[in-house]
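Structural description and commentary
Below are the chains, spelled out letter by letter.
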Amino acid sequence: MKIATYNVNGVNGRLNVLLRWLKEAKPDIVCLQELKSPNIKFPEKAIRDAGYTGIWHGQKSWNGVAILSRIGEPVEIRRALPGDPEDVHSRYIEAEIKGITVGCLYLPNGNPAPGPKFDYKLEWFKRLSVHSKKLLKLKGPVVLVGDYNVMPTELDVYKPERWLKDALFRPEVRTAFKKLVAHGWTDAIRTLYGDEIIYTFWDYFRNAYARNAGLRIDHFLLNPVLAKRLKSGGVDRHVRGWEKTSDHAPVWIEVK
DNA sequence: ATGACTGGTGTGACCAGA
C-alpha cells in the first residue's frame, strides 16, 4: 500500500499538477495540505473522476487539509486538533481507511519568530503532542503525516547556519519534534535514508530547486505497528520541476 | 544579508508562505 503526502499550495490553482501526479504515482491514500480553498470550492468532481474519494477541511484563502483514498472511503474521526476551541485554522483532519488511522496535519509556519505566530506554532505543537499520545494507545496501524514546518536536524536544510533563527529551525521547534517522535513514532523517511540528504521543499526564490537549496519539512511518523510494515519511501522531486507546481514535492511510503 | 516568487483575494502602498 502506498501512502503519500503533498502540500499542494492551492488545490484549485494546482489542480492540473495534482491530477497529473495522481495518475502517474497512483498512491492509495493521499494527505493534502494548504488547500487554500473553502469547502464549497474543493474540486470534488475532478478528484472523484481521478478515482479518489475523500474528506476535506477547507478554509477561505489559507490552510486547509484533505485525505483522499482510492481503496475505500475515508471514515472521518475528527477535523480539528483537540485542546483549543478558539483555534479557527483548518490544519488537522483524521480518518480511518481499511483499518489504518491517518492523521493529516499542516503545522503552523511560525514566522516571524519570536512573536505571536511563533507562540501559536509552539502551542499547536503541544496540542499535537498530547493528541499523538492518545493515537499511540491504539492497537492498529497509525500514521501522522503532513507538513510539519520543521527541519528536524542540520541534515535537513541546505545551509543550516542561515536558518538558526527561523521558525522552521529554531531549537524550540526541533526539540518539540524530537520529543514528539520520542513518544514512540518512527520518522519513516529518515529511517529509510540514513545520513543521506533528502529534501521535500524548495523555495520559489533564488532558483532554489535548480540549486537543490531545499528543506525536509514534510514527514511521515509511524506507530510501531506500521513501522514494522515499512518497505520503502521517497520524494517525487521531479514534480517540483513541473509548470505551475507547488513549492513542495509529494512524499510517499510503501507499507506491507 | 537581502530580495527574489506564488496563490488567493479582489484591484492594496494587500497577506501569507518557508
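Here is a short report on the structure shown in this document. Along each chain, numbering runs from 1 in the same order as the chain's sequence is written. Working convention: letters from A go to chains and numbers from 1 go to ligands, in the order in which they are written. Whole-chain, interface and lining totals are the exception, using all residues; otherwise, since this is a predicted model, local features are given only for residues with pLDDT of at least 70 and side-chain atom pairs are given and counted only at 80 or more.

The number of helices and strands found in chain A is 8 helices and 14 strands. Counting only C-alpha atoms and orienting by the principal axes, one finds that chain A spans roughly 45 × 45 × 40 Å. Burial is judged by counting other C-beta atoms within 10 Å of a residue's own C-beta: 20 or more means buried, 12 or fewer means exposed, and anything between counts as partly exposed, with every C-beta placed from the backbone. Here chain A holds 256 residues, and the buried ones make up 46% of them. Contacts here follow a simple rule: the backbone-placed C-beta atoms of the two residues must lie within 7 Å. Contacts spanning at least 24 positions in sequence make up 68% of the contacts within chain A whose residues lie at least 6 apart. Counting from the N terminus, the helices are DSSP H or I runs at least four residues long and the strands are E runs at least two residues long.

Across the 5 residues that make up strand β14 (residues 251-255), a large majority, 4, are buried. Pairs of strands are assigned from DSSP output, requiring at least two bridges between the strands. The pairing of strand β13 (residues 230-235) with β14 spans 5 bridges and is antiparallel. Bridged to L230 within β14 is V255.

Take the sheet that holds strand β6 (residues 92-97) next. As summarised here, the arrangement of the 6 strands in space is β5-β6-β7-β8-β12-β9, forming an open sheet in which the pairing is mixed. Of all the strands in the sheet, the pair left with one neighbour each is β5 (75-78) and β9 (186-187).

Next up on the list: the sheet that holds strand β4 (residues 65-69). With respect to topology, 6 strands assemble into an open sheet ordered β3-β4-β2-β1-β14-β13, the strand pairing being mixed. One side of each edge strand has no neighbouring strand; the edge strands of this open sheet are β3 (53-57) and β13. Strand-to-strand, the axes of this sheet are offset by a mean angle of 15°, without reference to chain direction. Helix axes use the C-alpha atoms of the stretch in contact, all axes being lines fitted to C-alpha atoms, and the angles between their N-to-C directions lie in the range 0 to 180 degrees.

Here is the check we use: build the C-beta atom from the backbone, and if it is within 6 Å of the molecule or strand, call the residue near. Neighbouring DNA strand B are 24 residues; G10, G13, K36, N109 and F205 lie closest to it. Lys, Arg, Asp and Glu make up the charged group, whereas Ala, Val, Leu, Ile, Met, Phe, Trp, Tyr, Cys and Pro make up the nonpolar group; the residues left over, Gly among them, are polar. Partitioning the surface near DNA strand B into residue classes produces 7 nonpolar, 9 polar and 8 charged.

Take the nonpolar core next. Within the largest apolar cluster, 72 residues are counted, with the highest numbers of intra-cluster contacts made by L32, V65, A66, I67, V102 and V143. The leading source of residues in this core is strand β7 (residues 100-106), at 5 residues. Among all residues touching L32, those that are not within four sequence positions of it are Y6, V8, V11, V65, A66 and L68. Here, a nonpolar core denotes buried Ala, Val, Leu, Ile, Met, Phe, Trp, Tyr and Cys residues that are linked to one another through C-beta atoms within 7 Å.

A few words on unusual backbone geometry. Leaving glycine aside, a negative phi is the common case for residues, and trans is the common case for peptide bonds. Here N111 and P112 are connected by a cis peptide whose omega angle stands at -5°. A113 connects to P114 through a cis peptide bond whose omega is -5°. With respect to the helices, strands and loops of the structure, P114 is situated in the loop between β7 and α3 (116-136). With a phi close to 75°, S61 is a non-glycine residue in the positive phi region. Among the secondary structure elements, S61 is positioned in the loop between β3 and β4. One non-glycine residue with positive phi stands out, namely N149, at about 50°. Along the chain, N149 falls in the loop between β8 (142-147) and α4 (160-163).

Turning next to the environment of M151. Topologically, M151 is positioned in the loop between β8 and α4. For the pair formed by M151 and W252, sequence separation is 101 residues and the distance between their alpha carbons is 18 Å. Ignoring sequence-local partners within four residues, the contact set of M151 consists of D156, V157, W163, L168, F169, L215, R216 and I217.

Their axes nearest at 10 Å, the elements α3 and helix α5 (residues 171-182) cross at an angle of 5°. Judged by the angle between their axes, α3 and α5 are roughly parallel. Here K121, L122, F125, L128, S129 and S132 of α3 lie close against α5, whose contacting residues are E172, V173, A176, K179 and L180. Residue composition of the contact of α3 with α5, by class: 6 nonpolar, 2 polar and 3 charged. Orientation is classified from the angle alone, with under 35 degrees giving roughly parallel, over 145 giving roughly antiparallel, 65 to 115 giving roughly perpendicular, and any other angle giving oblique.

Summarising the element assignment, R229 is placed in the loop between α8 (224-227) and β13. The exposure class assigned to R229 is partly exposed, which follows from the 14 C-beta atoms found within 10 Å. For R229 and K256, which are 27 residues apart along the polypeptide, the C-alpha to C-alpha distance reads 5.0 Å. When sequence neighbours within four positions are dropped, the list of residues in contact with R229 reads P141, V255 and K256.

Scope: geometric values only; no functional claims are made or implied.
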